[in-house]
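Each chain, letter by letter, is given below.
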Amino acid sequence: MSSIHIRLHNPLTPPLNLRRPFRRSSFATACLNVEVEAENSNALRLDSSKLGLAKEVMEAEAKVLVGTYARAPVVLASGKGCKLYDVEGREYLDLSSGIAVNSLGHGDEDWLKAVVEQASTLTHVSNMYYSIPQIELANRLVAASFADRVFFSNSGTEANEAAIKFARKFQRHSNPDAKEPATEFICFSNCFHGRTMGALALTSKEHYRSPFEPVMPGVTFVEYGNIQATKELIQRGKTAAVFVEPIQGEGGIYSATKEFLQFLRSACDDAGALLVFDEVQCGLGRTGYLWAHEAYGVFPDIMTLAKPLAGGLPIGAVLVTERVASAINYGDHGSTFAGSPLVCNAALAVLNKISKPSFLASVSKKGLYFKEILKQKLGGSSHVREIRGFGLIIGIDLDLPATPLVDACRNSGLLVLTAGKGNVVRIVPPLIITEQELDCAAEILSQALPVLDS
Ligand SMILES: Cc1ncc(COP(=O)(O)O)c(C=O)c1O
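Residues numbered from 1 in each chain as written. Predicted model: local features only at pLDDT ≥ 70, side-chain atom pairs only at ≥ 80, totals over all residues.

Draft legend 1. Representation of the overall build of the chain in the model. A tally of regular secondary structure across the chain gives 16 helices and 17 strands. Across the 454 residues of the chain, 47% fall into the buried class. Intrachain contacts of the chain at a sequence separation of at least 6 include 73% that bridge at least 24 residues. (Helix = DSSP H or I, 4+ residues; strand = E, 2+ residues; numbered from the N terminus. Buried ≥ 20, exposed ≤ 12 C-beta atoms within 10 Å, placed from the backbone. Contact = placed C-beta atoms within 7 Å.)

Have a look at this one:
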C-alpha cells in the first residue's frame, strides 16, 4: 500500500504567492469579507499556522505529478456557494466553477444530501446489472430533451468518443450495402471536443493534436459559421457526422447563428449525416436554456453532455434519437464506472434544480445584468474589443493576452479563466451566483484592467 505524505518542513516559510503583493482593493475587501488587521489596511489576516503550506504543496506536486497542467499558484482547500478558500485562508470569488462544472456552487446542501445518502446505500455496481438512479436519470434527460435514449460515460471527451463510434456505427447500419460507409467528420475552427484520441482528432487547436499524430484520419475543419464553405464539405457517403458546439467555450465564447445551425441541420439531412451538438460546456442551464440549442430551435441527432451534470462528480452523457440508438448493439460500447448509482443520484439533484423554469429565468436575467455592468465598467477600455456570450457564459475579448488580467484578478480574490487564443477572459460562474457577487466581480475586473497597460 502506498501513501502520500506532505511534510511541513517549515510551516512558517512565506508562501510563493505572498512574496508577490497580495492586495485587494478596499471594494474587493469589503465584498469578499476579508478580515483586515486594522482600519484602512489591506493586510490580510491569514491563518499563520498554515503559512508555507501552499509552497510545500506546490513543490510536492512538481515532484510527483506528470506536468500536464500550468497551474495558478493557489492551493484550494474548501468552498461554499460561490466562494473558495485556499489553504492559507484567502477567500476567492469563483467565476470559473471548475471550468463550468460547479453550477450549484460549492457544497449545495441538496446535492450533498443526495451524494451522502447514495454513498451510504450503494456507490458503484457494474453495468452488468441494473440500478435505479441510472434509469431515473436517463428518464429525466429523455423527458427534458429531443432524445429517446441515453448512454452514460465519465467525462466530456468520453461522451464525444461514444458519439464518434455511434456515428460510424449508424452509417454502417443504415447503409448495409455500401462498400465503404461514410466515416468522416466535419468540425469547426476554434472547436474543442476533448483530449482522448478520437475527440482530439475533432479538436481544432493544432498544438493539442500535433504532438500525438497520427490522430484519427478523416476530419475536416472549416470556419465556424461559414455556410458556403461548409456546404461543399458535407457529402453523402463520405460524411458520417458534423460535430458543433452551439456556443464555443474553450475556443473563445463564440455563439453560432440560428441560420448556421439551421443550415447544418438541413445539410446533414440531405447527406444522410448525423448532426452532433457538443453541449459539454454550454448545456445544462448555462445559457438560461436547459439546452443551448433550444435558443435556436434546431435539434440534433446526438447531444453530448458532461461538466455540470453531476455537480462536480465525473459524468458524461450521450443523448440520441431512436434512429441512432437502433444502430447500436450489445457490446458496441461500454464503461466500468459510467452511470454509477452515486453519480446518477448526484446528477438527479443537479437536474432537479437547474431544470426549473424559474432557475433558468434567473440565469438569463443575471447574464443580461452582468453583461451590462461589464460593458459599463470595462467597455471604455481600448483593450476590450467585445463582451459577448449569453446567459452565464461570457467572454471579454481583448486586443492582447488575457493572462495578466486573470492573474491580477486572482491576486484580488477573483477567479476567472482564459479562452480562445489566450486573449479572451472566460467567465462561467456558478449559476446560483447573486447580482451582488456579480457586481463585486465586475468591480475587481475593472480595477485590475490597468495591468494591461503596464
Ligand atoms: C465543448 C467541450 N467538449 C468536450 C470537452 C471535454 O470534456 P472533459 O474535459 O470532461 O473530457 C470540453 C472540456 O472543456 C468542452 O468544453
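Draft legend 2. Looking closely at the pairing of strand 13 (residues 384-390). As paired elements, strand 13 and strand 14 (residues 393-398) share six bridges and run antiparallel to each other. Residue pairing in the sheet places R388 in a bridge with G395 of strand 14. Hairpin connection from strand 13 to strand 14: two residues lie between these consecutive antiparallel strands, with G391 at a positive phi of about 65°. (Pairing = 2+ DSSP bridges.)

Draft legend 3. Local environment of the site of the ligand. S155, G156, T157, V280 and Q281 are the nearest of the 15 residues found near the ligand. Residues of the shell around the ligand, tallied by class, amount to four nonpolar, eight polar and three charged. (Near = placed C-beta within 6 Å. Nonpolar A, V, L, I, M, F, W, Y, C, P; charged D, E, K, R; others polar.)

Draft legend 4. Structural view of unusual backbone geometry. Cis geometry is adopted by the peptide bond preceding P214, which originates at E213 and carries an omega value of 5°. Relative to the assigned elements, P214 resides in the loop between helix 9 (206-209) and strand 6 (219-222). Of note in the backbone geometry, S97 takes a positive phi value of approximately 50° without being a glycine. Tracing the sequence through the fold places S97 in helix 4 (residues 97-100). What makes S97 buried here is the crowd of 27 C-beta atoms within 10 Å. In the Ramachandran plot, I253 falls in the positive-phi region, its phi being about 60° despite a non-glycine side chain. You can see I253 is positioned in the loop between strand 8 (247-248) and strand 9 (254-255).

Draft legend 5. Geometry of the sheet that holds strand 5 (residues 184-188). In space, the seven strands of this open sheet follow the order 4-12-11-10-7-5-6, with mixed pairing throughout. The two strands at the open ends of the sheet, each matched to only one other strand, are strand 4 (149-153) and strand 6. For this sheet the average axis-to-axis angle between neighbouring strands, irrespective of direction, equals 20°. Note that strand 11 (residues 302-305) and strand 12 (residues 316-320) share four bridges and pair antiparallel. Bridge pairing links L305 to A317 in strand 12. (Axes fitted to C-alpha atoms, helices over the stretch in contact; angles between N-to-C directions.)

Draft legend 6. Region of the structure containing the sheet that holds strand 1 (residues 76-80). One open sheet accounts for four strands, arranged 1-2-3-15; its pairing is mixed. The two strands at the open ends of the sheet, each matched to only one other strand, are strand 1 and strand 15 (414-415).

Draft legend 7. Spotlight on the packing of helix 5 (residues 109-119) against helix 13 (residues 341-354). One can describe the packing of helix 5 onto helix 13 by two numbers: an axis separation of 8 Å at closest approach and a directional angle of 160°. Classified by the angle between their axes, helix 5 and helix 13 sit roughly antiparallel to one another. For the pair helix 5 and helix 13, the sense of crossing is right-handed. Of helix 13, the residues touching helix 5 (which contributes D110, W111, A114, V115, Q118 and A119) are P341, L342, N345, A346, L348, A349, V350 and K353. Here the contact of helix 5 with helix 13 is built from residues that sort into ten nonpolar, two polar and two charged. (Parallel < 35°, antiparallel > 145°, perpendicular 65-115°, else oblique. Left-handed = near helix turned anticlockwise from the far one by under 90°.)

Draft legend 8. Region of interest: helix 15 (residues 403-411). Within the span of helix 15, buried status applies to L405, V406, A408, C409, R410 and N411. Elements that come into contact with the buried residues of helix 15 comprise strand 15, strand 16 (417-419), strand 17 (424-427) and helix 16 (435-448). Count one or two residues on from helix 15 and you reach G413, which has phi positive near 90°.

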